[in-house]
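# Remarks on the overall topology
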Amino acid sequence: MTTDGGYRALFRTPEFTPLFLASAAGIAAQTVGGLALGTLVYRATGSPLLSAVSMFGPTLAQVLGATLLLSGADRLPPRTTLAGIALALAVATLLLAVPGLPMWAVLAVLLAEGLIASLGGGVRWGLLNEILPEGGYLPGRSVFNMMVGIMQIAGYGAGGLLIAALSPRPALLLAAALFAVSAAGLRLGLAHRPPRGTGRPSVAATWRTNALLWSSRPRRLLYLGLWLPNGLVVGCESLFVSYAPDAAGPLFACAALGMLAGDATVGRLLPPAVRPRLITPLLLLLATPYALFVLRPALPVAAALVAVASVGFGASLLQQERLMTLVPDELSGHALGLHSAGMLTLQGLSATLAGTVAQLTSPATAMTVLATASIAVTVTLALASRRAPEAPADAERHLRREGAKRPGARRQWSG
């Protein structure tokens, strides 16, 4: 499958449409719930740090999932796992809507949410890679990313209106209902599939596969490129509420619009020969406009800068396409889950860092600091990737042997 055949071919693939629609409901729930909780906490505390952590804090728990639970991405049945995660998030969001919930309890629920959700990325993207035919992952993931942009635009717009008209708590109740809809769609719309991998999920299996994936220098650099520049820029986004308390929704919507444009361009228009050369320019585009926030631009200019910067999120599609050539199919869920968990962890850490710097200086200054750091990381990784790759280690040769033993591995992959 190629993008030349059009995106419509994706929706003729069995199970793609129910997975897509259920994921859309889940993204809408995350968007509405995150904006509502961030606004609720900021109104109660006036703290940019606590507001940023409340919106992006669940991602900090992703590091626990990556080190404890990730082996389940390929060893658990996808339908049951994804539906169970969505239902658990619905219950957690209902708890966050309880009036008078103390801040320590809010943080505890957010930690539980992040730990539960840490398994979802690996299961979802591994399943997507499984149900699509050869060459279908990049256009399929592109459609999902565009859906994320559309649902974020709608979610932040609807959430902002609901918060302005009523209060943050009704928006949290709406988010819980959307999570429940997502769980029902996954349970009813997906077919039962056996796990892609063999063996029982365990902490030891998670550590062992993480070590094998991390043993190759090209994969290490690729994972760092997926995690760090992206995470630092999301730290900038975490300050939208404190930068413009009455207009954070439009800023988030502009970010989603830019991401939508970037994913559509990368997934639909770029020829394969051009894609690898655009990863670094897109990552630089992702960060550079935020460096201009040191000038404290007015809302219209800030919104334009945010939209332009977010086009750079399209780089992650190209990086994920590269990652799928470096791992065997039976480890695709774990590999994509490690990418997702690491990225979200760095986003949570960056949000905490951004909130801390903003607390000590200002939101505009903090955005500039994190954007500059993202640019420096991107340049450093680009220079490092030009050096000759190291010889495969014993663990790398073992990973090759394991991939060769298993039937059905269709992609060429190497260290």
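With that settled, consider the overall build of the chain. Of the regular secondary structure elements, the chain holds 20 helices and zero strands. Across the chain, every contact between residues at least 6 apart in sequence was considered, and the portion connecting residues at least 24 apart equals 85%. Split by element, the accessible area of the chain, about 16,500 Å² in all, is 69% carbon and sulfur.

What follows concerns a nonpolar patch on the surface. On the surface, L64, L111 and L115 cluster together to form a nonpolar patch covering roughly 230 Å² of accessible area. By the element assignment, L111 lies in helix 7 (residues 103–117).

Applying the stated criterion across every chain yields a total of two salt bridges. Across the pair E15 and R193 runs a salt bridge whose closest N-O atoms are separated by 2.7 Å. With E15 in the loop between helix 1 (8–11) and helix 2 (16–45) and R193 in the loop between helix 10 (168–189) and helix 11 (203–214), this residue pair connects regions lying 178 residues apart in the sequence. You can call E15 buried: its relative accessible area is 13%. A salt bridge links R193 to E130; the nearest nitrogen and oxygen atoms lie 3.2 Å apart. Taken together, the residues R193 in the loop between helix 10 and helix 11 and E130 in helix 8 (residues 120–131) connect sequence positions 63 residues apart. Among the residues examined, E130 registers a relative accessible area of 29% and is labelled partly exposed. Connected through salt bridges with shared partners, the residues E15, E130 and R193 form a single ionic network.

Side chains of nonpolar character tend, in soluble globular proteins, to be buried together. Ranked by internal contacts, the top residues of the largest apolar core, which has 106 residues, are F16, L19, F240 and Y290. For this core, the leading source of residues is helix 2, giving 13 residues. Those residues within four positions of L19 in sequence are excluded, and the remaining contacts are L82, R124, L127, L128, I131, F144, L186 and L190.

Glancing now at the confidence of the model for the chain. Considering every residue of the chain, the mean pLDDT works out to 80; 84% of them sit at 70 or more. The spread of mean pLDDT over the elements of the chain runs between helix 20 (residues 394–405), the lowest at 45, and helix 15 (residues 279–291), the highest at 94. Throughout residues 390–415 the model reports pLDDT below 50, and contacts reaching past four residues in sequence, or to other chains, amount to 50 contacts.

An ideal rise of 1.5 Å per residue puts 44 Å on 30 residues; helix 2 measures up with 43 Å between its terminal C-alpha atoms. Within helix 2, 22 of the 30 residues are buried, which leaves it mostly tucked inside the rest of the structure. Positive phi appears at G46, one or two residues downstream of helix 2, with a value of about 65°.

Attention now goes to the packing of helix 8 against helix 18 (residues 332–360). The N-to-C vectors of helix 8 and helix 18 enclose an angle of 135°; their axes lie 7 Å apart at closest approach. Classified by the angle their axes make, helix 8 and helix 18 are oblique. Handedness of the crossing formed by helix 8 with helix 18: right-handed. Touching G121, G122, W125, G126 and N129 of helix 8 are S332, G333, L336, G337 and S340, all from helix 18. Residue classes in the contact of helix 8 with helix 18 are distributed as two nonpolar, eight polar and no charged.

Quick look at the environment of G155 now. Structurally, G155 is set in helix 9 (residues 137–165). A sequence separation of 20 residues divides G155 from A175, and the C-alpha atoms of the two residues are 9.6 Å apart. Excluding residues within four positions of it along the chain, G155 makes contact with T31, V32 and G160.

Inspection of the entire model under this criterion finds eleven aromatic pairs. Here the aromatic rings of Y290 and F293 are separated by 5.6 Å at their centres, their planes lie at 20°, and the arrangement is stacked. The exposure class assigned to Y290 is buried, which follows from its relative accessible area of 1%.

Here the focus is the environment of S23. Looking at the secondary structure, you find S23 in helix 2. Distance in space between the C-alpha atoms of S23 and V148 is 8.7 Å, their sequence separation being 125 residues. Look past the residues within four positions of S23 in its chain and what remains in contact with it is R124, F144 and M147.

Along the polypeptide, S310 turns up in helix 16 (residues 299–310). A polar contact is formed between the side chain of S310 and the backbone oxygen of A255, at a distance of 3.2 Å. Not counting residues up to four positions away in its chain, the partners in contact with S310 are E237, A255, G258, M259 and L286.

Let's shift gears to the side chain of T81. On the secondary structure map, T81 appears in helix 6 (residues 78–96). Sequence-distant contacts of T81, defined by excluding residues within four places in its chain, comprise L76, L119 and V123.

Rules used in this analysis
- Residues numbered from 1 in each chain as written.
- Predicted model: local features only at pLDDT ≥ 70, side-chain atom pairs only at ≥ 80, totals over all residues.
- Heavy atoms only, no water.
- Helix = DSSP H or I, 4+ residues; strand = E, 2+ residues; numbered from the N terminus.
- Contact = heavy atoms within 4.5 Å.
- Areas by Shrake-Rupley, 256 points an atom, 1.4 Å probe, with all protein chains shown as cover.
- Patch = residues over 30% accessible without salt bridge, like charges linked within 9 Å, V, L, I, M, F, W, Y side chains within 5 Å.
- Salt bridge = Lys/Arg side-chain N within 4 Å of Asp/Glu carboxyl O.
- Buried < 20%, exposed > 50% of the residue type's maximum accessible area, 1.4 Å probe, protein only.
- Core = buried A, V, L, I, M, F, W, Y, C linked by side-chain atoms within 4.5 Å.
- pLDDT = per-residue confidence, 0-100.
- Expected span 1.5 Å × (residues − 1).
- Axes fitted to C-alpha atoms, helices over the stretch in contact; angles between N-to-C directions.
- Parallel < 35°, antiparallel > 145°, perpendicular 65-115°, else oblique.
- Left-handed = near helix turned anticlockwise from the far one by under 90°.
- Nonpolar A, V, L, I, M, F, W, Y, C, P; charged D, E, K, R; others polar.
- Phe/Tyr/Trp six-rings, centres within 6.5 Å; stacked < 30°, edge-to-face > 60°.
- Polar contact = N/O pair within 3.5 Å; in protein donor to acceptor, adjacent residues only side chain to side chain.

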